[in-house]
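# Examining the three-dimensional arrangement
Here is what each chain is made of, one letter per residue.
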Amino acid sequence: MEKSAPRPVRKDTLLSRRYIEGLIAEGKHVIIYENSVLKVDAFIKFHPGGEKPIKHMVGRDATDEINALHSREARDRMPSYKIGRVEGVWTNFLPPIQGGKFRPYTEDTCSSEDDLTSQDTSSQEGSTPPSPIFDAIDSKSITRRKRSKGTDTAASTPVEAEVDSQARPAFLDARTREEIVFDTAKYPSLDQANQESIKWKYRELYKRMQDDGLFNCNYFCYFIECCRYTIFATLFYVFLRLGWWATSAFFLGCFWHQLVFTAHDAGHMGITHNFHVDTVIGILIADFMGGLSLGWWKRSHNVHHIVTNEPEHDPDIEHIPFFAISHRFIDSLYSTYYDRNMTFDAVSKAMIKIQNYSYYPIMALARFNLYRLSWEYLLKRQAPRKGPAWWHIWLEFAGQAFFWYWFVYGVMYKTIPDWSSRLVFLLISHVVSSPLHVQITLSHFAMSTADMGVHESFPQKMLRTTMDVDCPTWLDFFHGGLQFQAIHHLYPRMPRHNLRRAQKYVLEFCKETGIPYAIFTFYDGNKEVIGRLGDVAKQVRLMEECRKSIGTEGVFSHHD
């Protein structure tokens, strides 16, 4: 009869890789933080950022991700979840939520006494991810496994891919291989020693910028911004009272556009650095004034910062049926964030074929989709129900009620007299705030979506999947400072007013490590995005031609 592994009795017990694999196979949420082994099952339901970011770190060294996204107070609580430690450089597992398979730890397969107290790095069969250079070239490895709903628990493994009734065009696999080979040549080697060197240089960079005060909030900048907010809000109200509906709507849109930047800072605890104070500030701005759920944004955004530009996992690029920035969406991949298959159906096919033309019109109306996502988050009770954030959802409900009362009833219905004027007001106010949606997608849509495996360091992944937008200093107010998305992804809790100052440090880091730093002007960045969307649209048309050829001729070898 198989027996489970004995549990360590001291927090300083040296645990082996094989033993940790066994814990994960049992469904435990185990992560590595600064050589400590943390079992966070008791905390995961209390995590203010949701469960998904933790699930993507299971079996991995999450040191850089935790330090980047958490306050000092949160990091100081990490030792309470410690069950042991590891020595040397940790080799990451592929997390279960991403398809990693783990073997139970039994006395039949391991010597429990020796394995509990030694770092065994040879026992990796079945849990080490395939090589992103060679193994992933095989079409069976490239095809993302389709999973049934509810299989994202720590002990789950992906269900084998169903056999497609239609032949799968070979160019999808070729395109995947091409992207991996391109990024392998462009970016530093993924060998462990090189990636560890990059990690340590990244941490040294943090200390340098911290010593230079770049993580200190400049409250005078917020005073200037509050003056700007007040001017826009006043102009909105004055022209509303004068009956200049279109002009009033324009300034309301400007008000919303600017407010989002401060809500973003609050969501990252970048203002007061106090969790509850910053959250309340964010809810007052996002929910009460803008009708958007801060809790929804944090739940989605935290995942985005962990698995940036990964088509199967990053909700910020999962926009089927409207957009597909990677050919992998053409294959109806499974979203671990939404827990469902993102089916590439007839509607998706029709929309993706014209996505380079529909991009700006859809971005102009994107705020309406954010309302939907906000209410889905609130009504489905996706917010933390326990822990320090349990009461935030009730403040958000109050904020939503307040917003829809003042905006829909007070402004749209009671103040504006007729439906045509109401429609004009509604559209102008929402379109004016849309440049923000273009800017945020700009930083990621044209960047790499290749799967480079779990050995890639956090800083290299962030710089590979994110671009910055170059603009003169006087335009920083328009972009809100968030045109420096690559720098922001490296250090999410750095106040955005300091991101421009941090650029010189990041440039030095990139030069020293050999990681390319992607920066485009706003115009050139837009060209890159439209080009990427057009490229995927062409792939859809090519796939359609291939399938038509199969139907008529039975072969498509001339399309290879």
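Our subject is the structure listed above.
To keep things clear, this report deals only with the structure shown in the data block. This is a predicted model, so every value here is computed, not measured.

Let us now look at the side chain of Ser36. Here Ser36 lies in strand E2 (residues 36–39). Each residue touching Ser36, except ones within four places of it in the same chain, is listed here: Ile31, Lys82, Gly84 and Arg85.

Another aspect to go through is the side chain of Ser433. Turning to its location among the elements, Ser433 is positioned in the loop between helix H17 (419–432) and helix H18 (435–445). Within the structure, Ser433 has its side chain in polar contact with the backbone oxygen of His430 (distance 2.9 Å). Sequence-distant contacts of Ser433, that is, excluding residues within four places in its chain, are made with Gly253, Trp256, His257 and Arg367.

What follows is about the state of the cysteines. Going through the model one piece at a time under the given rule, you end up with zero disulfides. Cys221 supplies the cysteine sulfur nearest to Cys217, a cysteine that is in no disulfide, at a spacing of 7.8 Å.

Glancing now at the pattern of salt bridges. In this structure the tally under the stated criterion is 22 salt bridges. Close ionic contact of Lys461 with Glu310 constitutes a salt bridge, the shortest N to O distance being 2.9 Å. Of this pair, Lys461 sits in helix H19 (residues 458–465) while Glu310 sits in the loop between helix H12 (294–306) and strand E4 (334–335), placing them 151 residues apart in sequence. Here the salt bridges share partners, and the residues they tie into one network are Arg175, Glu178, Glu179 and Asp535.

We now examine the pairing of E2. Of the pairings in the sheet, the one linking strand E1 (residues 30–33) to E2 comprises four bridges and is antiparallel in character. The residue of E2 that forms the bridge with Tyr33 is Ser36. What sits between E1 and E2 in their antiparallel hairpin is a turn of two residues, with Glu34 showing a positive phi close to 50°. Pairing of E2 with strand E3 (residues 82–85), which is carried by three bridges, proceeds in the antiparallel orientation. Residue Val37 lies in a different strand from E3, and its bridge partner there is Gly84.

Right, let's talk about unusual backbone geometry for a bit. A cis amide bond, omega 15°, links Ile320 with the succeeding residue Pro321. In this structure, Met269 takes a positive phi of about 55° despite not being glycine.

So, how was this worked out
- Residues numbered from 1 in each chain as written.
- Predicted model: local features only at pLDDT ≥ 70, side-chain atom pairs only at ≥ 80, totals over all residues.
- Heavy atoms only, no water.
- Helix = DSSP H or I, 4+ residues; strand = E, 2+ residues; numbered from the N terminus.
- Contact = heavy atoms within 4.5 Å.
- Polar contact = N/O pair within 3.5 Å; in protein donor to acceptor, adjacent residues only side chain to side chain.
- Disulfide = S-S within 2.5 Å.
- Salt bridge = Lys/Arg side-chain N within 4 Å of Asp/Glu carboxyl O.
- Pairing = 2+ DSSP bridges.

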